Amino acid sequence: MSDPTRFPTVTITAQRGAISDDVSLLIGGRRWSGWTDVRITRGIERLPSDFQVSLTEFSPTERGRGIEILRGDPVQVLIGEDAVLTGYVDRIMRSLDTRSHTVTITGRSKCADLVDAAAEWPGGQIVGSTVLEIAQKLAAPYGINVTAPGDPGPAIPKFNLMRGETPYSIIERLCRFGQLLAYDDPDGDLVLSTVSNRQTASGFREGVNIMRASLGATMDQRFSEYFSYQQSVATLNDIGEGGDLQATIFDTAVPRHRRRIIISETSGGIGWEIAGRRAGWEAARRRGRSTVVQVSTDSWRDSKGVVYAPNRLALVELPTLRVSSALLTIGEVTYHSGPGGTQCDLTLMPPEAFTPQPFDVRQLLPFAELADIAAKAGKK
């Protein structure tokens, strides 16, 4: 077998000073590089992160044994010496024609198991645990750590697993209560976080470090006023001034009358606060998503050599597109490399575009307990 440290490579990515942007797969202590095509994608609204790399393998008449990577192998994807994804090899596809023999390898972060596999917990009921603690319990069987840099919120009195649910479907639902995002970090572990206020060392400026850029400015998904109603299961609950209307929010930037009515997924005496917050969330999220900036740059790193990552703020200046000094959140980042060169594609939106939907955790309680809470609230 050839020396793994001297595995034939074709360097196609740029060297920036002392920092290498060469992409390699670290598998079983052996480092594989020399890819002719690379794509790595991470985001705060996608789980798991994933990658795809390709290269032309040895022909049968050449010396060497070629790629020795197996489906299911644990893998760490590196850009230079910086880990950007830790997970498993999902698929290995081989193809040939009269001129070449190509190998394509795809994989996802460790959190793929939270998305694909079933949730498990002895007895199927978790009592008195926060969203973070529940996520840690559900992720533990799959060897995944869970962290929450901020406040994970109060304990949930009682939570019952439904057979067949995946850990991620449960975690994503519970994260709404704490207004948290759920995404993976470069180590393949799960992060529960609010929208970050951390900023990249350098943003994206027209004429400086932008290859291509586009701005999507929309109005069709915005409304001039949002009415939020509490869903009621009591026959006479909507009688009286205002009925079960909980909040009205106006978007004065919408140029004509457009009303949207929201029915909050709460009932009785437990959901007034959430029903009110739903209107504000709906207006803010739609306003945020009406401005989408997509940028392509020729570097995977900011001015301090840090690899661009999701959930970071970046200053965007695109005078031609009428974007002036906008501080936007990186929602998704894709690192590309191939015959056409190296580039980084980023999708950015205002931070409010990524705020999770408010959710009343008491909805998870059995109906009898909900009725008791509602009855007590009605007596006050």
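That block above? That's the structure.
Residues numbered from 1 in each chain as written. Predicted model: local features only at pLDDT ≥ 70, side-chain atom pairs only at ≥ 80, totals over all residues. Heavy atoms only, no water.

### Examining the pairing of strand β7 (residues 74-79)
Piece 1. As judged from the 4 bridges shared by strand β3 (residues 23-27) and β7, these two strands associate in the antiparallel manner. When the bridges of β7 are listed, L25 appears paired with V77.
Piece 2. Direction of pairing for β7 relative to strand β8 (residues 82-96): antiparallel, over a ladder of 6 bridges. Directly across from I79, in β8, lies its bridge partner D82.
Piece 3. From the end of β7 to the start of β8, which pair antiparallel, there are 2 residues, and G80 there has a positive phi angle of about 65 degrees. (Pairing = 2+ DSSP bridges. Helix = DSSP H or I, 4+ residues; strand = E, 2+ residues; numbered from the N terminus.)

### Here's the deal with the side chain of T41
Piece 1. Inspection of the secondary structure puts T41 in strand β5 (residues 37-43).
Piece 2. Under the relative-accessibility criterion, T41 is labelled buried at 3%.
Piece 3. Side-chain polar atoms of T41 contact the side chain of R39, separated by 2.8 Å.
Piece 4. In this view, T41 contacts R46, S49, D50, E332, V333 and T334; residues no more than four positions away in its chain are not counted. (Buried < 20%, exposed > 50% of the residue type's maximum accessible area, 1.4 Å probe, protein only. Polar contact = N/O pair within 3.5 Å; in protein donor to acceptor, adjacent residues only side chain to side chain. Contact = heavy atoms within 4.5 Å.)

### Observations regarding the layout of surface pockets
Taking a probe equal in size to a water molecule and rolling it over the atoms shows the remaining empty space.
Piece 1. Of the voids in this model, the largest pocket is the one considered here, and its volume is about 610 Å³.
Piece 2. What lines the largest pocket is a set of 33 residues, and nearest its centre among them are R198, A309, P310, N311 and R312.
Piece 3. Of all elements in the fold, only β8 and β14 (190-193) reach the threshold of two or more residues within the lining of the largest pocket.
Piece 4. Taken together, the residues of the lining of the largest pocket sort by class into 16 nonpolar, 9 polar and 8 charged. (1 Å grid on protein atoms, 1.4 Å probe; cavity = no way out; pocket = protein on both sides within 12 Å on 5 of 7 lines; lining within 4 Å. Points joined across faces, edges and corners; volume = space filled by probe spheres on them. Nonpolar A, V, L, I, M, F, W, Y, C, P; charged D, E, K, R; others polar.)

### Description of the sheet that holds strand β18 (residues 245-250)
Piece 1. Strands sit in the order β18-β17-β19 across an open sheet of 3 strands; the sheet is mixed. Two strands bound the open sheet, and with one partner strand each, they are β18 and β19 (259-264). Between one strand axis and the next, the sheet turns by 20 degrees as a mean value, whatever way the strands run.
Piece 2. Examined bridge by bridge, strand β17 (residues 225-230) and β19 share 6 bridges and lie parallel to one another. (Axes fitted to C-alpha atoms, helices over the stretch in contact; angles between N-to-C directions.)

### Some words on the packing of helix α2 (residues 131-139) against helix α3 (residues 167-175)
Piece 1. In the contact formed by α2 and α3, the axes pass within 10 Å of each other and the chain directions differ by 175 degrees. Accordingly, the angle class assigned to the pair α2 and α3 is roughly antiparallel. Residues V131, I134, A135 and L138 of α2 form the contact with α3, whose own contacting residues are P167, I170, I171, L174 and C175.
Piece 2. Of the residues belonging to the contact of α2 with α3, the class tally is 9 nonpolar, no polar and no charged. (Parallel < 35°, antiparallel > 145°, perpendicular 65-115°, else oblique.)

### Some details on the side chain of D189
Piece 1. Assignment of secondary structure puts D189 in the loop between β13 (181-184) and β14.
Piece 2. In this structure the side chain of D189 is engaged in a polar contact, spanning 3.1 Å, whose partner is the side chain of K110.
Piece 3. Residue contacts for D189: discarding those within four places in its chain leaves K110, C111, I144, N145, Y183 and D184.

### Remarks on the environment of L138
Piece 1. Tracing the chain through its elements places L138 in helix α2.
Piece 2. Residue class for L138 comes out buried when judged on its relative accessible area of 0%.
Piece 3. On a C-alpha basis, the gap between L138 and A119 in space is 6.1 Å, while along the polypeptide they are 19 residues apart.
Piece 4. If sequence neighbours within four positions are ignored, L138 has contacts with L114, A119, E120, I126, L161, P167, I170 and I171.

### What to know about the pattern of salt bridges
Piece 1. Tallied over the entire structure, the rule returns 20 salt bridges.
Piece 2. A salt bridge links D90 to R108, with the shortest nitrogen-to-oxygen separation between them at 2.6 Å. Linking D90 in strand β8 with R108 in strand β9 (residues 101-109), this pair joins segments that are 18 residues apart in sequence.
Piece 3. Since its relative accessible area comes to 24%, R108 is described here as partly exposed.
Piece 4. When the shortest N-O distance is used, the salt bridge between E282 and R278 registers 3.7 Å. A residue pair is termed a helical-turn pair when its members lie 3 or 4 positions apart in one helix, as E282 and R278 do in helix α4 (residues 272-288) at 4 residues.
Piece 5. Bridged by salt links that share partners, the residues R39, R46, D50 and E332 form one connected network. (Salt bridge = Lys/Arg side-chain N within 4 Å of Asp/Glu carboxyl O.)

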